[in-house]
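For reference, the chains in residue letters:
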Amino acid sequence: MTARNVRDADVLVLGGGPAGAWAAWSAASHGARVVLADKGYLGSSGATAPGGSNLLYLPPDAELRERAVAKRMAGGGELSEARWIHRVLDGVYESLALVERWGYPFVRDEHGEPLRNHLQGPEYMRLMRRVVRRAGVTVLDQSPALELLADRHGVGGAWGLDRLTGAEWEVRAPAVVLATGGCAFLSKGLGCNVLTGDGLLMAAEAGAELSGMEFSNSYGTSARYSTVTRNRLLSMATITAADGTVLYAGDGVLPRDAIARALLDGPVHAVLDRADTAEKRALLRTSHAVFFLPYDRRGIDPFTQPFPITMRFEGTVRGTGGIRLVGDGCETSVPGLYAAGDAASRERSHGGQSGGGAYNASWAICSGRWSGAAAARYAATAGSRARRLAPVGAAGLRSGSPDTIDTASVVAAVQRETLPLEVSHFRSVTRLRRALAAVDDLWPAVLQRPAPGVRGRVRSRETAAMVATARWMHTASLARTETRGMHRLAEHPAPDPAQRHRLVLTGLDRVSVRTEEVPA
Amino acid sequence: MIELVSDSRCTGCGICVKVCPTNVFDGAVGEVPVIARQGDCQTCFMCEAYCPADALYVSPLADETEHVDEDALAEAGLLGSWRSRLGWHKGQTRLAAIDTTPFLHRVEPVRLDG
């Protein structure tokens, strides 16, 4: 066995999607020595890189901003804080100017104004890799983190595996930023299979809390056989149920309930026939270009030939739940531990509704910057302490049990209790109770020995994280006995004014829930 | 899922091994990589985007494998087609520079996020 490769840093960032990239750049710009470790590759990993992101790009006009804030407060089920929405709008506006200065070629309108409300994922993340490296950050690719290290002062590092060599790595750093993304349960939404809730599990093991886990019930629409979950261009479609009923006629907001119901009865087809001129088709093709890739490769003309669609579960990725933040620098309740992007609870700005990719993409930038800066400041003051660090995890890592985790069967079981539309789109108390009992029963299975080999060890941890995340999601969903933001319960179809609070979860072996008032 | 690493095109640069988010490939620099864990492929097309030799093909089918014929893919212009769409071949205009997403609202019935 090779010796563990140990290094020191001021700030360790786990995750190389946009939030991790911004966090690493921000910490390095504040003078910190930074290591960024990603499970895959900074530049291709995560939900952003393969596709693209809309952004909340609003000029600093007081009236425009106030209107946007009011709209978000209502859309988020009154669980957001106006000050945090303003922070995001300010932060993303300023940050996108930087992105352009770094070399992103934003298109311009007829007056020469740059149009900064959309980023093509591959270009954006390739640029962010360059920016991060130029800032002096040490990047560890193909290096999934498995566990946090902590002592009585708080978190002080992490260790993991290098998937290419099998060697273990360890980084000791007084501040750790979790930017590992949300959890989509290996549902194969575009770029989402690296998002297995790893950071949520690591944070909870260190004693951090979760919040908003009930806001985790979104699905992305793709061709049935494909992974390309892009919803927006479907606004140009006609969508038809198996019996010929037209569910959507290109005339407004997609009727997700009707589409989901029709999918339970049989195949549903879409055709982009509202793009009825060569000019419109050309415009669509150079917007969300990845949308067309599956059809072009299947020899299908999506403008004239109907294609079957499906809905892929996006879990907490296009939700708002995650690690609870207690301060403006995205501090968690554990000293030295920060959370950014989809790993963090986004409730402070979005409330209970992510409302499409623009919010989460903007949040990734801002929370990345805030957490990186705060982590660098913290490291500067806390960095010289003597530490007695020890690993804090258990599930999927080490066990006295003689039995090995059967990752494939546990993953299949947790998927049965999360992915189906009957469980997570048409949420009901009766179905969720069964789902929660089933995922609770899976917890002992991930307390067995990890599967062997590099892939086995990583997948065992991912499996544990998915089981834990499913338990938190279902627990929170049953605790919120109302319909608010994106969360819905069939038995409780209206908002309950008495439940205008957040739900904070703690614990792994036993999960407990408390309520928290929304700060004014 | 990833279906092809072209022996004749591959230069053994190792980029696909390094960039694959789900660690599908095995192989050292200087070797033609092997598709070692095809079932872990998340069909994100990133390896194709980054391959400088147009040596990879990712089938759009997420859940089933598909037999592919390299000559037929080359004939159909599919090898390197995603990299080309992104404008990442030498001398091409980048997709980001001609992105029409900011103009979508001109043809959309209503503005949707996502």
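Looking at an unreviewed UniProt entry, chain B carries the name Ferredoxin family protein, with the source organism given as Micromonospora globbae.

Per an unreviewed UniProt entry, chain A goes by FAD-dependent oxidoreductase and derives from Micromonospora globbae.

*Asks:* Would you mind showing me how to read the domain arrangement of chain A here?
*Replies:* Quite often, the size of an interface is put as the accessible area lost when its parts meet. All names here are of chain A. Each assigned domain of chain A is listed here: domain 1 (5–216 + 316–385), domain 2 (218–313) and domain 3 (407–517). Centre-to-centre, using C-alpha coordinates, domain 2 lies 30 Å away from domain 3. Taken together, the ten residues of domain 2 in the interface contact eleven residues of domain 3. Around 860 Å² of area is buried between domain 2 and domain 3 when both sides are counted, 74% of it from carbon and sulfur atoms. On the domain 2 side of the interface with domain 3, the three residues burying the most area are Y219, L264 and F313, jointly 58% of the side's total. Seen at the junction of domain 2 and domain 3, the total is one salt bridge. Where R488 meets D257, a salt bridge forms, and the shortest distance between an N and an O atom there is 3.1 Å.

*Asks:* So what exactly am I meant to see when it comes to unusual backbone geometry here?
*Replies:* Most peptide bonds take the trans form, and the phi angle of most residues other than glycine is negative. Residues and elements named next belong to chain B. Backbone geometry at N23 places phi at a positive 55°, although glycine is not the residue there. Summarising the element assignment, N23 is placed in the loop between helix 1 (15–19) and strand 2 (25–26). According to the relative accessible area criterion, N23 is buried, its value standing at 7%.

*Asks:* Please explain helix 2 (residues 62–75) of chain A as it appears in this structure.
*Replies:* Residue pairs spaced three or four apart in an α-helix point in one direction, given the helix's 3.6 residues per turn. All names here are of chain A. For helix 2, spanning 14 residues, the distance from its first C-alpha to its last is 20 Å, which sits close to the expected 20 Å at 1.5 Å a residue. Of the positions making up helix 2, those classed as buried are R65, V69, R72 and M73. End-on, the buried residues of helix 2 take up no more than an arc of 100°, which puts them together on one face. In helix 2, the exposed positions angled more than 90 degrees off the buried face are occupied by E63, R67 and K71. Where helix 2 is buried, its residues meet helix 3 (82–101), helix 9 (347–350) and helix 10 (357–382). Two or three places before E63, at the start of helix 2, stands the capping residue D61, its side-chain oxygen 3.1 Å from that residue's backbone nitrogen.

*Asks:* Quick question: what am I supposed to make of the pattern of salt bridges here?
*Replies:* Once the charged atoms of two side chains with opposite charge are near each other, the side chains can pair. Residues and elements named next belong to chain A. Evaluation of the coordinates by the stated rule reveals 46 salt bridges over all chains. Two residues, D151 and R387, come together in a salt bridge whose shortest N-O distance is 2.8 Å. Separated by 236 residues along the polypeptide, D151 in strand 7 (residues 145–151) and R387 in the loop between helix 10 and strand 19 (390–391) bring together distant segments of the chain. Judged by relative accessible area, which is 22%, R387 ranks as partly exposed. The partner of E482 in a salt bridge is R484, with the nearest N and O atoms 2.7 Å apart. Take R484: its relative accessible area is 7%, and that puts it in the buried class. Salt bridges here are not isolated pairs; linked through shared partners, they connect R4, E168, E170, R172 and R457.

*Asks:* Before we go on, may I ask you to explain the interface of chain B and chain A in this structure?
*Replies:* Taken together, the contact between chain B and chain A spans 51 residues of the former and 69 residues of the latter. Interface of chain B and chain A: buried area, both sides summed, is about 5300 Å²; carbon and sulfur atoms make up 59% of it. Applying the counting criterion to the chain B and chain A interface returns eight salt bridges. A:R297 is paired through a salt bridge with B:E48; the nearest N and O atoms lie 2.6 Å apart. Our enumeration of links across chain B and chain A arrives at 25 residue pairs in polar contact (both at pLDDT 80 or more). The set of elements that each furnish at least two residues to the side of chain B that touches chain A consists of helix 1, helix 2 (46–50), strand 4 (56–58) and helix 4 (81–85) of chain B.

*Asks:* How should the side chain of A:T229 be read in this particular structure?
*Replies:* Residue position: A:T229 is located in the loop between strand 12 (218–223) and strand 13 (238–240). A polar contact of 3.1 Å, which involves the side chain of A:T229, links it to the backbone nitrogen of A:L190.

Calculation criteria
- Residues numbered from 1 in each chain as written.
- Chains lettered and ligands numbered in written order.
- Predicted model: local features only at pLDDT ≥ 70, side-chain atom pairs only at ≥ 80, totals over all residues.
- Heavy atoms only, no water.
- Domains from an automatic or database assignment.
- Contact = heavy atoms within 4.5 Å.
- Buried area = accessible area lost by both parts, 1.4 Å probe.
- Salt bridge = Lys/Arg side-chain N within 4 Å of Asp/Glu carboxyl O.
- Helix = DSSP H or I, 4+ residues; strand = E, 2+ residues; numbered from the N terminus.
- Buried < 20%, exposed > 50% of the residue type's maximum accessible area, 1.4 Å probe, protein only.
- Expected span 1.5 Å × (residues − 1).
- Arc of directions from axis to C-beta.
- Polar contact = N/O pair within 3.5 Å; in protein donor to acceptor, adjacent residues only side chain to side chain.

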